[in-house]
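This is what each chain is made of:
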Amino acid sequence: MAFFRGQQGSVKFDDGGSTTVAIASTRSWSLTVEKETLDTTALGATYRANVGGLISGSGTCEVFYTATSSDETNVFIERVNTATDQGGALFELFLDTSGTKKISFTGTVTSSEYSATVGEIEVITVSFVTNGTITLDI
Amino acid sequence: MAAVNLNTIRSTIEGRLATELALSPVIPVAFHNQPLTPTPNSSFVQCLVSFGNNNFLTMGGTTGSSNSVIGVIVMNVFTPKGVGPGANLTIGKRIRDLYNRQVVSGVHFDPPTGPEVVASPAPEGYFQTQVRLTFETFEDL
């Protein structure tokens, strides 16, 4: 049985929504995919009934600050400061180093937390939400 | 990018101390696995560099990833016995200032601890203090 450790993951991103590039110095990523539920309980029923509704996702990615510039990593950490964002940026979240097990979607960066703590490596936490289809190739 | 060269890091650390202690007043210094026969009633320094924890820093496989390499430097400062701590602390300050919060060739030095007086000097016949500090460097694969 195969198991995987966190360091086998990775993140790729392209603000243009086409060819993704690896985000350097990624420490972690997470994605929560949620499905809304619709209550379809009939009047007089004993048990509640639910059916699935709209699906959406949100997540975060932690990146170490490396003073990178003029590359996709720099675009990624500054994406939140984009004036017009149509949600077309392409995200790929990988679960293993083979590059075949991934979650991909287009989405919008909703926040970036830039932080510096004495004695620790500086970290930027980028949060995002999905826009449209979420593809699970896992 | 390549795996970290431990001797390059060691050279950065030891070279910095050797250069400083070669300035006037010159203080003999011995490093790991080196002999030193001290002159009686004189001062000398022993510098011991050890590598410790290595940790995952970023995601990725054997390429395009980074690790944290942490180590410790222990420096024993020996000065003549029976004449007070002044000369010893003067050397201790030189060493402390040399590394305190410095970043040299990618090696990040933390604030030093000490000089702390060592109750039982080794070798005997000296007044001994110890300056210790940790350092961190980053391995880019």
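Going by the structure above, here's the rest.
Bear in mind that the values here come from a model prediction, so they are computed numbers and not experimental data. (Residues numbered from 1 in each chain as written. Chains lettered and ligands numbered in written order. Predicted model: local features only at pLDDT ≥ 70, side-chain atom pairs only at ≥ 80, totals over all residues.)

A. Structural view of the overall build of chain A. Summing up its helical and strand segments, chain A has one helix and seven strands in all. Written out in order from the N terminus, the α and β elements of chain A read β-β-β-β-α-β-β-β. Taking 138 residues into account, the globule formula puts the C-alpha radius of gyration at 14 Å, and chain A, at 18 Å, lies well above it. If one aligns the C-alpha atoms of chain A with their principal axes, the spans along those axes are about 65 × 45 × 35 Å. Going through the 138 residues of chain A one by one, you find that 22% of them count as buried. (Helix = DSSP H or I, 4+ residues; strand = E, 2+ residues; numbered from the N terminus. Rg over C-alpha atoms; globule rule 2.2 N^0.38 Å. Buried ≥ 20, exposed ≤ 12 C-beta atoms within 10 Å, placed from the backbone.)

B. Structural view of the overall build of chain B. The secondary structure content of chain B amounts to two helices and seven strands. What you see in chain B, going N to C, is helices and strands ordered as α-β-β-β-α-β-β-β-β. The 141 residues of chain B split such that 28% are buried. In chain B, the proportion of contacts linking residues at least 24 apart, taken out of those at least 6 apart, comes to 58%. (Contact = placed C-beta atoms within 7 Å.)

C. Representation of the interface of chain B and chain A within the structure. The partner chain A presents eleven residues to the eight residues of chain B that form the contact. Residues that form the side of chain B that touches chain A fall into these classes: two nonpolar, six polar and no charged. (Nonpolar A, V, L, I, M, F, W, Y, C, P; charged D, E, K, R; others polar.)

D. A look at the sheet that holds strand 6 (residues 102-115) of chain A. All names here are of chain A. Pairing is antiparallel in the open sheet, where seven strands are placed in the order 2-1-5-6-7-4-3. The open sheet has two edge strands with one neighbour each: strand 2 (21-22) and strand 3 (26-39). Bridge count between strand 1 (residues 10-14) and strand 5 (residues 89-94): five bridges; the pairing is antiparallel. Looking at the pairing, K12 lines up with E92 of strand 5. (Pairing = 2+ DSSP bridges.)

E. Inspection of the environment of G60(B) at higher detail. Within the element layout of this structure, G60(B) appears in the loop between strand 2 (44-56) and strand 3 (66-80). In this structure G60(B) touches Q7(A), S10(A) and S65(B), once residues within four positions along its chain are discounted.

F. Fine view of helix 1 (residues 6-21) of chain B. With 16 residues, helix 1 of chain B should reach 22 Å at 1.5 Å per residue; the first-to-last C-alpha distance of 23 Å fits that figure. Among the residues making up helix 1 of chain B, those that are buried are I9(B), I13(B), L17(B) and L21(B). (Expected span 1.5 Å × (residues − 1).)

G. Molecular detail of the packing of helix 1 of chain B against helix 2 (residues 86-99) of chain B. All names here are of chain B. One way to put it is that helix 1 packs onto helix 2 with a least axis distance of 11 Å and a crossing angle of 135 degrees. It follows that helix 1 is oblique to helix 2 by the angle criterion. When you trace helix 1 past helix 2, the crossing you get is right-handed. Mapping the contact onto sequence places R16, L17 and E20 in helix 1 and R94, I95 and L98 in helix 2. (Axes fitted to C-alpha atoms, helices over the stretch in contact; angles between N-to-C directions. Parallel < 35°, antiparallel > 145°, perpendicular 65-115°, else oblique. Left-handed = near helix turned anticlockwise from the far one by under 90°.)

H. Molecular detail of the nonpolar core. Residues and elements named next belong to chain B. V45, C47, I73, M75 and V77 are the most contacted members of the largest nonpolar core, which totals 22 residues. When contributions to this core are tallied by element, the ones reaching two or more residues are helix 1, strand 2, strand 3, helix 2, strand 5 (107-109) and strand 7 (126-140). Excluding anything up to four places from it in sequence, V45 contacts L21, I27, V29, M75, N76, V77 and I91. (Core = buried A, V, L, I, M, F, W, Y, C linked by C-beta atoms within 7 Å.)

I. Expanded view of helix 2 of chain B. Residue and element names in this part refer to chain B. Across its 14 residues, helix 2 extends 21 Å between first and last C-alpha, which sits within 8% of the 20 Å expected from 1.5 Å per residue. Of all the residues in helix 2, the buried ones are N88, I91, G92, I95 and Y99. Angularly, the buried residues of helix 2 cover 105 degrees about the axis, an arc narrow enough to put them on a single face. Facing away from the buried side of helix 2 by over 90 degrees, the exposed positions are G86 and D97. Those residues of helix 2 hidden inside the fold are in contact with helix 1, strand 2, strand 3, strand 5, strand 6 (113-117) and strand 7. Backbone geometry just downstream of helix 2 places R101 in the positive-phi region, at approximately 60 degrees. (Arc of directions from axis to C-beta.)

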